[in-house]
Amino acid sequence: MEGSESAAFSVVADWSLVFWTLSSVLLPVLITLWCSFQRSRRQLLIRDIFRKSKHDWHYTDLFGQPSYCCVCAQHILQGAFCTCCGLRVSEGCLKKADQLFLCKEIMMRSDGGAHSSMPHHWIRGNVPLCSCCMICKQQCGTQPKLCDYRCVWCQYTVHDDCMTDCVKTEECTFGEFRDLIIPPYYLSTINQMRKDKRTNYEKVVPYCQKHWIPVIILANTRSGNNMGETLLGEFKTLLNPVQVFDLSKIVPAKALQLCTLLPCNAVRVLVCGGDGTVGWVLDAIDEMKIKGQERYIPQVAILPLGTGNDLSNTLGWGAGYAGEVPVEQILRNVMEADGIKLDRWKVQVSNKGYYNLRKPKVFTMNNYFSIGPDALMALNFHAHREKTPSLFSSRIINKAAYFFYGTKDCLVQECKDLNKKVELELDGERIELPNLEGIIVLNIGYWGGGCRLWEGMGDEPYPLARHDDGLLEVVGVYGSFHCAQIQVKLANPVRLGQAHTVRLILKSSKMPMQVDGEPWAQGPCTVTITHKTRALMLYHSGEQTDDDASSVSEADHVREQTDEDV
């Protein structure tokens, strides 16, 4: 009897052990699955709210400054914020926020009459740090709670105690950037004029300001260090969201059609991206000329987000942007910038053989064309970036990759004896080439991520080079090591001359070539570079470095020439 009881007890104990073991294993798995289901369900609900909302909501796991929900007034660490009007709300208050608060209106609702002003659009709480009240001039946002007001258009702030009915209904002046903002009442008036089939938009300008120079922001969120997404939000906060475009969602040609609704010869475009993005935008502007929209052509400024940024450097906008300058200062620089011109060139590559049945390749060049070691580095970099784009999202990593490929070419010398493989003609005159590995045709002052190639060490006289004189500068290099020496000012390039037309004949073998950083491997061909057109650009005359000192007089000459042309 006792034996059977002990056996039964041991069986129960074994099953109990199995049960608790299974429970300890399955329970965490079930809890994890349940949490995952709830999280995905919550994310779907949030996405649905974002999709239906008129606000430009973005979710964040951690706000960058102390934040309070605009609905329930509770302190929040994570939640959603609107990049246009600046609303911040907790996850649970999203639906209520949509019902209670209007976002920035890009166009005023039509009530049958013309408008020339609009009241402030106040949002309570989460005012910028160190902002001052427009009434009493004391600091706002000092209390640890939801307090004080901010106008989403002029960015003025007001204390709770200073807010009166008079201030609430006061006319908004659009603040510091009134000359850059496209007011909602302007767009509603233009919309009514289009319905009436009237196109004399110049008559609407007095409704705005006398010196109105509206700006259009074109940002490439995929450029360089991936700062485009952040910049889009900051520009939407300061300007009308209708004038801020994401080039990953809309092509420049469509975005630039906004220029046709604005005063002639007044629009400025800020391109946030690398030199490739700038070229993309300039091509779209050329299309406007073909369509007969010359009078709406904008002037172009650059915020450099790419890797090389040589065109940006040449025009005074810097070698790269990493968030060190506030967006407000960038807009001030755009307002103060001077108009200049930039030569653009047609590069035609005609393959040899095939009885000329193949159509020649045609490129547009803004910066430079090259054949040789620097084109090989660009080709290797481009091939690896295409395979694993996620590895090349940082400007530092990109430059390190270029350094690696340049070092490799110093050892391998894949482009040696170039002088035996090519013939060079400048304005129809054949040039005798020394023993080179590369030839570079320059339109701008900078090359290779900040090197003034034509200038070299600056220890010997050389002809003046400009980017608006209809001339190209042609130089040779002895190899990758020579390129590196030139970049650190330890050597001069081989200056082959200046010309209005450059012709290069590749007689045999396949060689790497590039136009403005876009590389390819090319067989026997004839490359002809001729002048195409001129682009209207903006030059920022900020603080000059020692390296830029020699280009100051050049920039002054360019501006004087532009004034004479005008």
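Note that the coordinates shown come from a computational prediction; the quantities given were computed from them, not determined experimentally.

### Some remarks on the pairing of strand 24 (residues 525-539)
Note: strand 13 (residues 338-351) against strand 24, 14 bridges, orientation antiparallel. Its bridge partner being in strand 24, K346 is matched across the sheet by T530. Sheet analysis places strand 21 (residues 502-506) next to strand 24, joined by 5 bridges and oriented antiparallel. The residue bridging R503 from the neighbouring strand is T528, located in strand 24.

### With respect to the sheet that holds strand 4 (residues 79-82)
With antiparallel pairing, the 3 strands of this open sheet are ordered in space as 1-4-5. The two strands at the open ends of the sheet, each matched to only one other strand, are strand 1 (57-60) and strand 5 (88-89). The sheet contact formed by strand 1 and strand 4 spans 4 bridges and is antiparallel. The residue of strand 4 that forms the bridge with W57 is C82.

### Let's talk about a nonpolar patch on the surface
Residues W15, V18, L22, V25, L26, V29, L30 and L33 make up a contiguous nonpolar surface patch of roughly 810 Å² in combined accessible area. Assignment of secondary structure puts L30 in helix 1 (residues 2-52).

### What about the state of the cysteines?
If you walk through the whole model with that rule in mind, you get 0 disulfides. Lacking any disulfide linkage, C140 is separated from the closest cysteine sulfur, that of C133, by 4.8 Å. Classification of C140 as buried rests on a relative accessible area of 1%. The thiol sulfur of C147 is not disulfide-bonded, and the nearest other cysteine sulfur, from C140, lies at 8.1 Å. With relative accessibility at 3%, the residue C147 sits in the buried group.

### What to know about the nonpolar core
Residues F235, L270 and M537 are the most contacted members of the largest nonpolar core, which totals 100 residues. Residues L418, I431, V474 and V515 belong to the second largest nonpolar core, which totals 32 residues.

### With respect to the sheet that holds strand 19 (residues 472-477)
Here we have 6 strands laid out as an open sheet, ordered 20-19-18-15-22-23, and antiparallel in their pairing. Two strands in the sheet have a free side with no partner beyond their single neighbour: strand 20 (494-499) and strand 23 (518-522). Here the average twist between neighbouring strands, direction ignored, is 15°. Relative to strand 22 (residues 511-515), strand 15 (residues 368-371) runs antiparallel, the two being bridged by 3 bridges. From the neighbouring strand, F369 faces strand 22, where its bridge partner is V515.

### Notes on the pattern of salt bridges
Evaluation of the coordinates by the stated rule reveals 16 salt bridges. For R503, the salt bridge is made with E425, and the minimal N-O distance between the two is 3.4 Å. Here the residue R503 occupies a position in strand 21, and E425 occupies one in strand 16 (residues 422-426), the gap between them amounting to 78 residues. Each member of the salt-bridge network shares a partner with another, and the members are D283, D286, K289, R344 and K532.

### What to know about the side chain of T314
Positionally, T314 belongs in helix 8 (residues 310-314). Within the structure, T314 has its side chain in polar contact with the backbone nitrogen of Y446 (distance 3.4 Å). With residues near it in sequence (within four places) discarded, T314 still touches I444, G445, Y446, H467 and Y539.

### Some thoughts on helix 9 (residues 327-336)
Taken together, the buried positions of helix 9 are V327, I330, L331, N333 and V334. Angularly, the buried residues of helix 9 cover 155° about the axis, an arc narrow enough to put them on a single face. Close packing links the buried residues of helix 9 with strand 9 (215-219), helix 5 (228-238), strand 11 (268-273) and strand 12 (299-304).

### Description of the confidence of the model for the chain
Overall, the prediction assigns the chain a mean pLDDT of 83, with 83% of residues at 70 or greater. Per-element confidence in the chain ranges from a low mean pLDDT of 46 for helix 14 (residues 549-565) to a high of 96 for strand 9. This model gives residues 544-555 a pLDDT under 50, and the stretch forms 16 contacts once residues within four places in sequence are excluded. Low pLDDT, under 50, characterises residues 557-566; the stretch is placed with 15 contacts to residues that sit more than four places away or in other chains.

Procedures and definitions
- Residues numbered from 1 in each chain as written.
- Predicted model: local features only at pLDDT ≥ 70, side-chain atom pairs only at ≥ 80, totals over all residues.
- Heavy atoms only, no water.
- Pairing = 2+ DSSP bridges.
- Helix = DSSP H or I, 4+ residues; strand = E, 2+ residues; numbered from the N terminus.
- Patch = residues over 30% accessible without salt bridge, like charges linked within 9 Å, V, L, I, M, F, W, Y side chains within 5 Å.
- Areas by Shrake-Rupley, 256 points an atom, 1.4 Å probe, with all protein chains shown as cover.
- Salt bridge = Lys/Arg side-chain N within 4 Å of Asp/Glu carboxyl O.
- Disulfide = S-S within 2.5 Å.
- Buried < 20%, exposed > 50% of the residue type's maximum accessible area, 1.4 Å probe, protein only.
- Core = buried A, V, L, I, M, F, W, Y, C linked by side-chain atoms within 4.5 Å.
- Axes fitted to C-alpha atoms, helices over the stretch in contact; angles between N-to-C directions.
- Polar contact = N/O pair within 3.5 Å; in protein donor to acceptor, adjacent residues only side chain to side chain.
- Contact = heavy atoms within 4.5 Å.
- Arc of directions from axis to C-beta.
- pLDDT = per-residue confidence, 0-100.

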